[in-house]
Every structure is written in C-alpha cells, then in structure tokens.
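# Breakdown of the fold
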Amino acid sequence: MERTYVMVKPDGVQRNLIGEIISRFEKKGLKIVGLKMLHISRELAERHYGEHRGKPFFEPLVDYITSGPVVAMALEGKDAVSTAREMMGATNPLKAAQGTIRGTFGMDIGRNVVHGSDSVESAARELALFFAPGEIIEYKRDIDNWIYE
Ligand code: RTP
Ligand code: MG
C-alpha cells in the first residue's frame, strides 16, 4: 500500500480544523500510520519546501509554515498520494473545487490549510523528514475488509 505525507498547516491548527481535516481522511478510508504535532524549524521548512527555493513566495512560505504548530500525518492506502491531493483540492483555495478541503475552508493561496505530497517520490522524502522510522506504525484494521474488496 502507498503512503503519503499530509500536514495540517498553522492556519488549520489556529482555526480549529485539526479534527475536521483528520476526520475527512479517516472517513475516506486512508489509514493513519503516523501522527504528531510539531513546530517546524526554519531549517526543516527550507528542506521540506526546497524545490521552491529562489521563487518569490519562498520566504513568505517559510514564514507561514513556521508561524505556529502543525499536525503531521502519514497516511496509507490505495493511491494514497493522489487520493489525498484530490481531497485537498487545488493550491489556490479560490480555484479548488467546492467540497475539497481547500475549496471548503480556504480563501488565500498563502493560507491553504493543508499540505499533501505531490508524488510517491516526494512522499518518501517528506515522510523521512518528518518521521523517524519507529514513528510510522504498521498495524491491521478489521475494517480493511470493508474498505477494500
Ligand atoms: P503544498 O506543497 O503546500 O501541499 O502545496 P501545493 O503542492 O499545492 O503547491 P506548491 O506549488 O508545492 O506550493 C507550496 C505552497 O507555496 C505557496 N504558494 N504560493 N503565491 C504563489 O504563487 C504561491 N504558489 C505557491 C502555497 O501556500 C503552496 O501551498
Ligand atoms: Mg507542493
């Protein structure tokens, strides 16, 4: 099964959306295999968003993601990376489809509530940045027989 890295960003935490966001992924059927709250350091932020270094929005992005605690999660399931991205919606919340997380809860590209890895390779890199190997928990759920045929 595929894994992805998803994070409730500082605005999501401040707006009391932690439960709502986790609940959406949980109800979808994605399995939470890692979960923690942390305050991201500038160093970690610059590594996590390294692909955007040099872009005009890089510094504001690092300021934003380090501005308060985040909730980090590892999610596992069929096509977990693309499934989580679909559930989040487009980067700009005003362009994101209604019903998606960003489409429902966001107004501004720089306050888009949630992060999700954009590829399987990014997911592996980001999961390794945010979780030590022992912090990803492998376990079985009885309900899996009702989620997957
Ligand atoms: P994320 O990495 O946070 O899940 O978002 P994403 O893949 O949908 O978008 P990405 O292109 O990776 O951009 C990372 C974050 O940078 C901010 N951004 N601002 N002002 C702008 O043009 C702009 N473009 C991107 C957003 O907060 C975006 O989530
Ligand atoms: Mg991205």
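Calculation rules
Residues numbered from 1 in each chain as written. Chains lettered and ligands numbered in written order. Predicted model: local features only at pLDDT ≥ 70, side-chain atom pairs only at ≥ 80, totals over all residues. Heavy atoms only, no water. Helix = DSSP H or I, 4+ residues; strand = E, 2+ residues; numbered from the N terminus. Rg over C-alpha atoms; globule rule 2.2 N^0.38 Å. Buried < 20%, exposed > 50% of the residue type's maximum accessible area, 1.4 Å probe, protein only. Contact = heavy atoms within 4.5 Å. Lys, Arg positive; Asp, Glu negative; His and termini not counted. Charge placed at Lys NZ, Arg CZ, Asp CG, Glu CD. Near = heavy atom within 4 Å. Polar contact = N/O pair within 3.5 Å; in protein donor to acceptor, adjacent residues only side chain to side chain. Areas by Shrake-Rupley, 256 points an atom, 1.4 Å probe, with all protein chains shown as cover. Nonpolar A, V, L, I, M, F, W, Y, C, P; charged D, E, K, R; others polar. Axes fitted to C-alpha atoms, helices over the stretch in contact; angles between N-to-C directions. Parallel < 35°, antiparallel > 145°, perpendicular 65-115°, else oblique. Left-handed = near helix turned anticlockwise from the far one by under 90°. UniProt positions renumbered as here; feature names shortened; annotations may be inferred.

## Thoughts on the overall build of the protein chain
Assigned secondary structure in the protein chain consists of eight helices and four strands. When the helices and strands of the protein chain are read in sequence order from the N terminus, they spell out β-α-α-β-α-α-β-α-α-β-α-α. On C-alpha atoms alone, the protein chain measures out to a radius of gyration of 15 Å, which is about the 15 Å that the 2.2 N^0.38 rule sets for 149 residues. Counting only C-alpha atoms and orienting by the principal axes, one finds that the protein chain spans roughly 45 × 35 × 25 Å. Expressed as a percentage of the 149 residues in the protein chain, the buried residues total 48%. Taking the intrachain contacts of the protein chain between residues at least 6 apart in sequence as the baseline, contacts between residues at least 24 apart amount to 77%. Positive and negative charge centroids in the protein chain, built from 20 and 21 side chains respectively, lie 3 Å apart.

## Some points on the site of ligand 1
Inspection of the region around ligand 1 gives K9, Y49, H52, F57, L61, R85, T91, R102, I109, N112, H115 and G116 as its neighbouring residues. Contacts to ligand 1 include H52, whose side-chain N or O atom sits 2.8 Å from an oxygen atom. In this structure, an oxygen atom belonging to ligand 1 sits 3.3 Å away from a main-chain N or O atom of G116. In isolation ligand 1 has 560 Å² of accessible area, and contact with the protein removes 78% of it. Taken together, the residues that form the shell around ligand 1 break down as four nonpolar, five polar and three charged.

## Section: the environment of L129
When you line up the elements, L129 lands in helix α7 (residues 120–130). Separated by 117 residues in the primary sequence, L129 and G12 have C-alpha atoms spaced 21 Å apart.

## Concerning the packing of helix α2 (residues 18–28) against helix α5 (residues 80–88)
Running from N to C, α2 and α5 cross one another at 130°; their axes reach a closest spacing of 11 Å. When the interaxial angle is binned, α2 and α5 end up oblique. Regarding α2 and α5, the two cross each other, and that crossing is right-handed. Where α2 abuts α5, its residues R24, F25 and K28 lie against T83, A84, M87 and M88. Here the residues of the contact of α2 with α5 are counted per class, giving four nonpolar, one polar and two charged.

## Comments concerning the UniProt feature "binding site: ATP" (unreviewed entry) in the protein chain
This chain's UniProt record puts "binding site: ATP" (unreviewed entry) on K9, F57, R85, T91, R102 and N112. If sequence neighbours within four positions are ignored, K9 has contacts with Y49, Y64, I65, P69, V70, R102, N112, V113, V114 and H115. Within the local environment of K9, its side chain forms a polar contact with the side chain of Y49, the two groups lying 3.4 Å apart. Structurally, the position occupied by N112 is in the loop between α6 (101–105) and β4 (114–116). A residue is classified by how much of its surface remains accessible, and N112, at 2% relative accessible area, is buried. Once residues within four sequence positions are removed from consideration, N112 is found in contact with K9, D11, Y64, T91, P93 and R102. Looking at N112, its side chain comes within polar contact range of the main-chain oxygen of T91, at 3.1 Å.

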